[in-house]
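An overview of the molecular structure
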Amino acid sequence: MTRYLPILEWGRQYGRDQLTSDLVAALIVTIMLIPQSLAYALLAGLPPQMGLYASIAPLLAYAVFGTSRTLAVGPVAVVSLMTAAAIGNLGITDPAEIAAAAMVLALLSGLVLLVMGIFRLGIVANFLSHPVIAGFITASAIIIATSQLKYILGIRAEGETLLLLVTSLVAHLSETNIPTLIIGVSATAFLFYVRKGLRPALQKLGLSRKTADIATKAGPVVAVALSTAAVWALGLDEWGVPIVGDVPQGLPPITLPVLDVDLWLQLLGPAVLISIIGFVESVSVAQTLAAKRRQRIRPDQELIGLGTANAAAAFTGGYPVTGGFARSVVNYDAGAETPAAGAYTAVGIALATLALTPLLHYLPKAVLAATIIVAVLSLVDLTILTRAWRYSFADFLSVAVTILLTLTLGVEVGVSAGVGLSVLLFLWRTSRPHIAEVGLVEGTEHFRNILRHKVTTHPEILTIRVDESLYFANTRYLEDYIIDRVARSKGLRHVILMCSAVNDIDMSALESLETIDHRLKDMGVRLHLSEVKGPVMDKLKRTHFLDELTGEVFLSQYGAVQTLTREGDQKDAA
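Below is a summary of the structure that appears in this document. Remember, predicted model here, so these are calculated numbers, not experimental data. (Residues numbered from 1 in each chain as written. Predicted model: local features only at pLDDT ≥ 70, side-chain atom pairs only at ≥ 80, totals over all residues. Heavy atoms only, no water.)

Here the focus is the overall build of the protein. Counting its regular elements, the protein contains 25 helices and nine strands. With the C-alpha coordinates aligned to their principal axes, the bounding extent of the protein is approximately 110 × 60 × 55 Å. Classification of the 574 residues of the protein by burial places 52% in the buried group. Pairs at least 24 residues apart make up 80% of the contacts formed inside the protein by residues separated by at least 6 positions. Counting every atom, the protein has about 26,500 Å² of accessible surface; 62% of that belongs to carbon and sulfur. For the protein, the distance from the average position of its 43 positive side-chain charges to the average position of its 45 negative side-chain charges is 8 Å. (Helix = DSSP H or I, 4+ residues; strand = E, 2+ residues; numbered from the N terminus. Buried < 20%, exposed > 50% of the residue type's maximum accessible area, 1.4 Å probe, protein only. Contact = heavy atoms within 4.5 Å. Areas by Shrake-Rupley, 256 points an atom, 1.4 Å probe, with all protein chains shown as cover. Lys, Arg positive; Asp, Glu negative; His and termini not counted. Charge placed at Lys NZ, Arg CZ, Asp CG, Glu CD.)

Shown next, in the form of structure tokens:
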């Protein structure tokens, strides 16, 4: 049962030391998560309490089913943006219907993750290459930060793409509310200082590193408290400063997502994207932090953990969640030992919904926007473009297209196009595999590219090394290469296909090899194979190819050349 309920594994060794460490980490993460939950719900276009609700039951579910000791699950910026985009495409405006759609989206995301986990389909996430993910997160962060400027300025602005947002902001710039602008800019500057300069300053004053860390993480809470008090005391809401308003007090309600087939079908595509993006982000963070402690996670079980977390969100008034990078790093640095730290964080958020929500009435939305802006700008990494350009044009193209389309056409189009382009570029690269003519390095048994090394070759023997598995997309390329090369050389009697880099041969490639063999036979040339890997050889033995092959299969390339050279010498002597 420990395979499916990891809590049974770490729970057996749970003691006082782990309890202390987890409680300290939970306190710090709770302080950080309260304003973030409210802010990310605002980003998703949802009532603020849904952010709090999404930070309670999902954390408890992940503590039971998740395998990472330090991953902090909850609302995150990118998933919140994708949630807003998915619901925005539905064209609904009623707040109750929007909240219901968010819960359906959470349930669908949970079901997708659970199905992937049950069938061990974590490998699907590998189709999201690092350049695509980096480009998508960078572009999403830019859109998120831009979308929050309307709250900083106190104006109306709409749009899901960068161009539409900027155009809308400029059109309404004259409506800027000065008190809101002062609050927003002050909060943003304060939070940037807290993130970059507060900890060193406190340590210079003699505070310990842990105390300085706690004070730094409490920065957003201080900004929330001070700005809320200022709005209440000065009556700034009457001056047009947008505030959060009434936040329902109490624990999350038990909710049942609406059973509307049309709604489910409309949200299924976005749910799949949210699930995969969320899983990739989460498992990347979890693996990185686990490696630092020489621990391990199980990606397929992580799918189960995140799936149950999203399902829990759906049934408790929340919206899609995943593991957050910043919170997880904070959780790790704060000394979290087990997933119980997440459960204690959920208790802290639950207490906040019981006791603190009445105090949030006068919280200005500009401060929540400042919290989001400061958090997401750290995700912007435009240097990925220059790094990709220097290393690989194909990767640069993937990054550039993903960023460009995400900024101009929206998050769903951007990530879908990035994945599609990555797959197409992979097919293009593998359809034109690197093929090298090789020769023997003098004094060794090694064969290397004749264009890169000083080697010896035999006039009657042509050795071709193909550095790719052979499959339907590249077999014609190999066939044309070999036939053209043989046609240009008189006196050839043998072609050796060196298969040291061939990990698989599919049926299309097998038929192509048969064609090559027949065409070479008509030209008076024999086809040989060398250094065929065991699994590939097993497949070939199940066919008639080896029986009809004009040449032989050699264990090593050196042995092949030696054998064929001796045969040629013997024929010449005869």
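This part is about the pairing of strand β6 (residues 461–466). Each regular strand displays side chains that alternate between the two surfaces of the sheet. By the criterion of burial, β6 is predominantly enclosed, with six of the six residues buried. Because side chains alternate across β6, one face comprises the buried residues I461, T463 and R465, and the other comprises L462, I464 and V466, equally buried. By the bridge criterion, five bridges tie β6 to strand β7 (residues 494–498) in an arrangement that is parallel. Opposite R465, over in β7, you have M498 as the bridge partner. Between the parallel pair β6 and β7, the chain is carried across by helix α21 (residues 475–487), and the sense of this crossover is right-handed. (Pairing = 2+ DSSP bridges. Right-handed = clockwise from strand over helix to strand, strands pointing away.)

Here we come to the pairing of β7. Most of β7 sits out of view: five of its five residues are buried. As paired strands, β7 and strand β8 (residues 526–530) are joined by five bridges and run parallel to one another. Each residue of the ladder has a partner; that of M498, found in β8, is S530. The parallel pair β7 and β8 is bridged by helix α22 (residues 507–522), and the resulting crossover is right-handed.

Following the criterion strictly, the structure yields eight salt bridges and no others. The shortest N-O distance in the salt bridge between D467 and R465 comes to 2.8 Å. For D467, a relative accessible area of 27% translates into the label partly exposed. Judged by relative accessible area, R465 falls into the buried class, the value being 15%. A salt bridge links E567 to R526; the shortest N-O distance between them is 3.8 Å. A residue pair is termed long-range when its members are at least 10 positions apart, and E567 in helix α25 (residues 557–573) and R526 in strand β8 qualify at 41 residues. Given a relative accessible area of 25%, E567 falls into the partly exposed group. On the basis of relative accessibility, which here comes to 25%, the residue R526 falls in the partly exposed class. (Salt bridge = Lys/Arg side-chain N within 4 Å of Asp/Glu carboxyl O.)

Moving on, we get to a nonpolar patch on the surface. Together, F127, V423, L424, F426, L427 and F472 give the surface a local cluster of nonpolar side chains, amounting to about 600 Å² of exposed area. Along the polypeptide, F426 turns up in helix α20 (residues 411–431). A relative accessible area of 44% places F426 in the partly exposed class. (Patch = residues over 30% accessible without salt bridge, like charges linked within 9 Å, V, L, I, M, F, W, Y side chains within 5 Å.)

Another point: helix α16 (residues 340–355). In this model α16 runs 23 Å from its N-terminal to its C-terminal C-alpha over 16 residues, within 8% of the 22 Å that 1.5 Å per residue would give. Among the residues of α16, A340, A341, G342, A343, T345, A346, I349, A350, A352 and T353 are the ones counted as buried. The inward-facing, buried residues of α16 contact α1 (7–11), α2 (16–43), α3 (48–53), α4 (57–65) and α15 (325–333). (Expected span 1.5 Å × (residues − 1).)

Quick look at the side chain of T345 now. Among the structural elements, T345 can be located in helix α16. Among all residues touching T345, those that are not within four sequence positions of it are A26, V29, T30, L33 and L59.

Glancing now at the packing of aromatic side chains. The description of two aromatic rings rests on the distance between their centres and on the angle between their planes. Summed over all chains, the structure comprises five aromatic pairs. Ring geometry for F393 and F396: centres 6.3 Å apart, planes at 35°, overall tilted. Note that F393 and F396 are positioned in helix α19 (residues 393–409) at a spacing of three residues, about one turn of the helix. Residue F393 is classed as exposed on the basis of its relative accessible area of 52%. Where Y471 meets F472, the ring centres are 5.0 Å apart and the plane angle is 80°; that geometry is what we call edge-to-face. Aromatic rings pair up to connect W389, F393 and F396 into one cluster. (Phe/Tyr/Trp six-rings, centres within 6.5 Å; stacked < 30°, edge-to-face > 60°.)

As far as function goes, none of this settles anything; it's purely spatial.
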